[in-house]
Amino acid sequence: MTDDPFVAHRGLLFTVVYEMLGSAADAEDVLQESWLRWADVDRAQVRDPRAYLVRLVTRQALNRLRTLSRSREDYVGEWLPEPLLTSPDVAEDVELADSVSIAMLTVLETLAPTERAVFVLREVFEMPYGEIAGAVGKSPAAVRQIARRARDHVAARRPRVQVSRSEQQAVVDRFLAALRTGHLQELMEVMAPDVVMITDGGGLVTAALAPLHGADTVAPVLARAHHVATTLDTRPIQLNGAPAGRITFDGEPAAVSLTIEHGHVTRIYVVRNPRKLTHLDELAELTR
């Protein structure tokens, strides 16, 4: 039924859960579990279906997040969020684009599960403290304290410089061109001296097991990729609401997301784990 509130709000529900988990696959599982629970609900008793459904998926996502937090401790190498192909509409909502960016989702990984849920519901979706309290099983006063703590934690770790979309695209294009040609000097020039590169292979493909620091280290690694590959193709795409790149290295895909400050790349996130690249050919429905 197209008038079912779950179907009507599915984009919102997916976005809430994805921001809490950083994984589209896990978000889909949570929505499926939540749909089954919703099917047993007496709809006549639900005064605000949207708020009810957000609470429902939040509780399910919290359960999943606590399980994932334990399993991610055993993850091989660096863990990065699952990148999603997004439409220009997502980029036009600046706050939404910022909240689903790979950089932000990586910061959210450093929060405890309840802190992450509270931050997402309050800062991104602007839910009242009372509603959040019902979703996370805390008092409104406790939720206010958690929200303040999470906000301070995120503010200390997120990129501080706001960059225009046109500048982002220009720097991404320069980076992809330098990567395609393998010119060491061009790669050095597009990066900040203290650039950090994080690569996620999940133990399934070759990837650095720890972050690489500094342009002197990162640029030669990227230049070497051009020289050892039989084929290396790069093309610009939109990932998580921002300009990014899709790289094909000897037939193996990778997604590259960049953080840009003052015209230079300060962070490079490379997702090579094939299990996290299954959504690169279909637009994700992200909405607030």
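Right above here is the structure, for reference.
Quantities reported herein were computed from a predicted structural model and do not represent experimental measurements.

**Q** Sorry if this is basic, but what is going on with the nonpolar core here?
**A** If you look at soluble globular proteins, the nonpolar side chains tend to sit buried side by side. Phe14, Val17, Leu108, Val136 and Leu286 are the most contacted members of the largest nonpolar core, which has 53 residues in total. When residues of this core are traced back to their parent elements, those giving at least two are helix H2 (10-21), helix H3 (24-39), helix H4 (49-72), helix H6 (94-100), helix H7 (102-108), helix H8 (113-124), helix H9 (129-136) and helix H10 (140-155). Setting aside anything within four residues of it in sequence, one finds Val136 in contact with Thr58, Leu62, Thr114, Ala117, Val118 and Val143. One finds Leu179, Ala229, Leu258 and Val270 within the second-largest nonpolar core, a separate group that totals 29 residues.

**Q** I would appreciate a short explanation of the packing of aromatic side chains in the present structure.
**A** Aromatic ring pairs are defined here through the distance separating the ring centres and the angle between the ring planes. In the structure shown here, the tally under the stated rule is 3 aromatic pairs. A centroid spacing of 5.3 Å and a plane angle of 70° characterise the contact between Phe6 and Trp35, whose relative ring orientation is edge-to-face. Of the two residues, Phe6 is situated in helix H1 (residues 5-8) and Trp35 in helix H3; the sequence distance between them amounts to 29 residues. In this structure Phe6 comes out as buried when scored by relative accessible area, which is 4%.

**Q** Just checking my understanding: could you explain the environment of Gln168 for this structure?
**A** By the secondary structure assignment, Gln168 is in helix H11 (residues 165-181). In sequence terms Gln168 and Thr259 are 91 residues apart; their C-alpha atoms lie 8.5 Å from each other. Excluding anything up to four places from it in sequence, Gln168 contacts Val163, Ala242, Pro243 and Ile260.

**Q** So what exactly am I meant to see when it comes to the pairing of strand S4 (residues 242-249) here?
**A** Every regular strand shows the same layout, with side chains that alternate between the two sheet faces. Burial runs high along S4: 6 of the 8 residues are buried. With 8 bridges connecting them, strand S3 (residues 232-239) and S4 associate as antiparallel partners. The residue of S4 that forms the bridge with Ile237 is Ala244. Where S3 folds back on S4, the antiparallel hairpin that results is connected by 2 residues, among which Asn240 adopts a positive phi of roughly 50°. Inspection of the sheet shows S4 paired to strand S5 (residues 252-261) by 5 bridges, in the antiparallel sense. For Ile247, the partnering residue across the bridge sits in S5 and is Ala254. Here S4 hands over to S5 after 2 residues, with Asp250 in that stretch at a positive phi of 50°.

What counts as what
The residue numbering used here restarts from 1 in each chain and proceeds along that chain's sequence as written. Reporting of local features is limited, given that this is a predicted model, to residues whose pLDDT is at least 70; pairs of side-chain atoms are given and counted only at 80 or more, and all residues count toward the totals for whole chains, interfaces and linings. In computing side-chain properties, one takes all heavy atoms of the structure into account and sets aside hydrogens as well as water. In this text, buried Ala, Val, Leu, Ile, Met, Phe, Trp, Tyr and Cys residues form a nonpolar core when linked through side-chain atoms within 4.5 Å. Burial classification: accessible surface area is computed with a 1.4 Å probe over protein chains only, and a residue below 20% of its type maximum counts as buried, one above 50% as exposed, and the rest as partly exposed. Only DSSP runs of H or I covering at least 4 residues are called helices, and only runs of E covering at least 2 are called strands; the numbering of each starts at the N terminus. Residue contacts are defined here by distance: any two heavy atoms, one from each residue, within 4.5 Å place the two residues in contact. Only Phe, Tyr and Trp rings are paired, with Trp represented by its six-membered ring, and only when their centres lie within 6.5 Å; those with planes under 30 degrees apart are stacked, over 60 edge-to-face, the remainder tilted. Any two strands with at least two DSSP-identified bridges between them are counted as paired.

Any functional reading would require information beyond the geometric quantities listed.
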